[in-house]
Amino acid sequence: MQTVTFVIGATASGKTYFINMNYSGRDVDILNIYDYQQRAYQEAGFGDSIPFGARFRCLMRAQDMLLEDIVERMSVGRDVVVEQTFYKAKRRITYIERIRQAAEVRIEVYVMRPGDSRWKANLESRGLKGSYEGYRREAAELEFPNPAEGFDRIYEAVDGAVTLRMDAPRPEILERAKEELAREAEGIREEDEVRRRRKELVESMSVRPFWHYCEVCGRKEFLTAGDAYDSGWDYPPRMGHFGLLGPRTCGDCGIDGTLWFKINAPGRFPVVLEGELTPEELATWRRIKAEPESLLAEEPE
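Residues numbered from 1 in each chain as written. Predicted model: local features only at pLDDT ≥ 70, side-chain atom pairs only at ≥ 80, totals over all residues. Heavy atoms only, no water.

## Here we look at the environment of Thr11
Rules: By the criteria applied, helices consist of DSSP H or I runs no shorter than four residues and strands consist of E runs no shorter than two, each listed in order from the N terminus. Accessibility here uses a 1.4 Å probe with only protein chains present; expressed as a share of the type maximum, an area under 20% marks a residue as buried, one over 50% as exposed, and anything in between as partly exposed. Within 3.5 Å is the distance limit for a polar contact, defined as a pair of N or O atoms, with the added protein rule that one can donate a hydrogen and the other accept it, and that residues adjacent in sequence qualify only through two side-chain atoms.
Mapped onto the elements of the fold, Thr11 is located in the loop between strand E1 (2–9) and helix H1 (15–23). Judged by its relative accessible area of 24%, Thr11 is partly exposed. A polar atom in the side chain of Thr11 sits 3.2 Å from the side chain of Glu138.

Shown next, in the form of structure tokens:
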């Protein structure tokens, strides 16, 4: 029978070392979630800097790619060893269900749980930033695998000593995990709908009329983006971007009286501090942050 082996644990807990010591040179395929995360970031167009809001989607994409590769390797008769974090039962259950749908295999997991001295040495040798207590808090989030999740064997590895640990089955884990996954899926659907509506709104701003406010002279006109551009307005979407600080001026005013000009003055750190703004500047700043909805808030006179 084919075997899928997961090696899981916190950062620098010895997952890679364990795999190298026990599976290097053996006729198995070794997969690492880290490689799939990097691929997902690249697919999304991110380098070293990944927006917080995009990180979760990239990690989920990496999980999906890794799972499909496991199933593909199994389909050609390969044994697979997988380095994962797998803190949560809901993630493990998703994998196990998909794998068992694809083939009859043995699924085992090794949980890396190094002692303090070993773990501190691992963190130091890798030059990782952050406090040891911070990594301990992170590791405390790991839900120890339970047989009810579908594992055939569960092992605990403490400083090189490996012990079979099959706790009493807890069927309630499955129900809780499925509820969490359902809530997560609904949250993703809601986020997608918000993004879809936002995209449609922003795209519509290229053709629909909306209010243009000159922050210098106070002029206000209800124009399409094309008409505003032809009249000399410095305004999104033709000039700059909605929701980002930039000049908002009519064709008769220069940018030297704008909030953008003030914030980007030489010798100043370019950050908006609302406490330093005049009432007029604060109104401009809040309107910009709320664009494009704030430009549709009033009916034309």
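There is more to say after this.
## A word on the layout of surface pockets
Where we set the bar: Residues are said to line a cavity or pocket when one of their atoms sits within 4 Å of a point; the points come from a 1 Å grid over protein atoms alone, cavities being sets where a 1.4 Å probe fits but cannot get out and pockets being open sets with protein on both sides within 12 Å along at least five of seven lines. Grid points are joined across faces, edges and corners, and a volume is the space filled by probe spheres set on the points. Classification convention: Asp, Glu, Lys, Arg as charged; Ala, Val, Leu, Ile, Met, Phe, Trp, Tyr, Cys, Pro as nonpolar; all other residues, Gly among them, as polar.
As a volume, the largest pocket reaches approximately 1100 Å³. As for the largest pocket, its lining consists of 34 residues, of which Thr11, Ile33, Gln37, Leu59 and Thr85 are closest to the centre. Breaking the lining of the largest pocket down by element, the ones donating at least two residues are H1, helix H2 (33–43), helix H3 (52–75), helix H4 (89–102) and helix H5 (116–125). Considering only residue class, the lining of the largest pocket consists of twelve nonpolar, 14 polar and eight charged.

## Focus on the pattern of salt bridges
To be explicit about the condition: By salt bridge we mean one thing: a side-chain nitrogen of Lys or Arg within 4 Å of a carboxyl oxygen of Asp or Glu.
Counted according to the given criterion, the structure contains 34 salt bridges. Note that Arg78 and Asp29 form a salt bridge whose closest N and O atoms lie 3.1 Å from each other. In this pair, Arg78 sits in the loop between H3 and strand E3 (80–83) while Asp29 sits in strand E2 (residues 29–32), placing the two residues 49 residues apart along the sequence. Owing to a relative accessible area of 22%, Arg78 belongs among the partly exposed residues under this scheme. Looking at Asp29, the relative accessible area reads 14%, which means it is buried. Note that Asp152 is salt-bridged to Arg100, the shortest N-O span being 2.9 Å. Of the two residues, Asp152 sits in the loop between helix H6 (132–139) and strand E5 (153–158) while Arg100 sits in helix H4, which places them 52 residues apart along the sequence.

## Description of the sheet that holds E5
Operational definition: Pairing between strands requires that DSSP locate at least two bridges from one strand to the other. Axis definition: a line fitted to C-alpha atoms, over the contacting stretch in the case of helices. Angles run 0 to 180 degrees between N-to-C directions. Should any heavy atoms of two residues lie within 4.5 Å, those residues are considered in contact.
Spatially, E2-E3-E1-E4-E5-E6 is the arrangement adopted by the six strands of the open sheet, whose pairing is mixed. Lying at the two open borders of the sheet, with one neighbouring strand each, are E2 and strand E6 (161–164). If you compare each strand with its neighbour and ignore which way they point, the axes differ by 20° on average. Here eight bridges tie E1 to strand E4 (residues 105–112), and the two strands are oriented parallel to one another. Paired with Gly9 across the bridge in E4 is Met112. Running over the sheet, H1 touches E1, E2, E3, E4 and E6 and is turned about 150° from E1.

## Details of the packing of H3 against helix H7 (residues 172–204)
Quick reminder of the rule: Throughout this description, any angle smaller than 35 degrees is read as roughly parallel, any larger than 145 degrees as roughly antiparallel, any in the 65 to 115 degree range as roughly perpendicular, and the remainder as oblique. When the near helix sits turned anticlockwise from the far one by under a right angle, the crossing is termed left-handed; a clockwise turn instead gives a right-handed crossing.
At a closest axis distance of 13 Å, the pairing of H3 and H7 adopts a crossing angle of 125°. Between H3 and H7, the interaxial angle falls into the category oblique. Crossing angle aside, the handedness with which H3 passes H7 is left-handed. Between H3 and H7, the residues in contact are Gly53, Phe56, Arg57 and Met60 and Glu184, Ile188, Glu191, Asp192 and Arg195, respectively. Of the residues assigned to the contact of H3 with H7, the class counts are three nonpolar, one polar and five charged.

## A closer look at the packing of aromatic side chains
Spelled out, the test is: Put simply, two rings from Phe, Tyr or Trp (the six-membered ring, in Trp's case) pair if the centres are within 6.5 Å, and we call them stacked under 30 degrees between planes, edge-to-face over 60, tilted for the rest.
Applying the stated criterion to the full structure yields ten aromatic pairs. Relative to Tyr95, the ring of Phe6 lies with its centre 6.0 Å away and its plane at 70°, an arrangement referred to as edge-to-face. With Phe6 in strand E1 and Tyr95 in helix H4, the pair connects residues that are 89 residues apart, well separated along the chain. The exposure classification of Phe6 matches that of Tyr95, with both residues buried. Connected via pairs of aromatic rings, a cluster forms that spans Phe210, Trp233, Tyr235 and Phe242.

## What about the side chain of Glu291?
Turning to its location among the elements, Glu291 is positioned in the segment after helix H10 (279–289). On the accessibility criterion, Glu291 (2% relative accessible area) is buried. Beyond its immediate stretch of four places on either side in the chain, Glu291 contacts Arg198, Tyr235, Pro236, His241, Phe242, Gly243 and Arg248.

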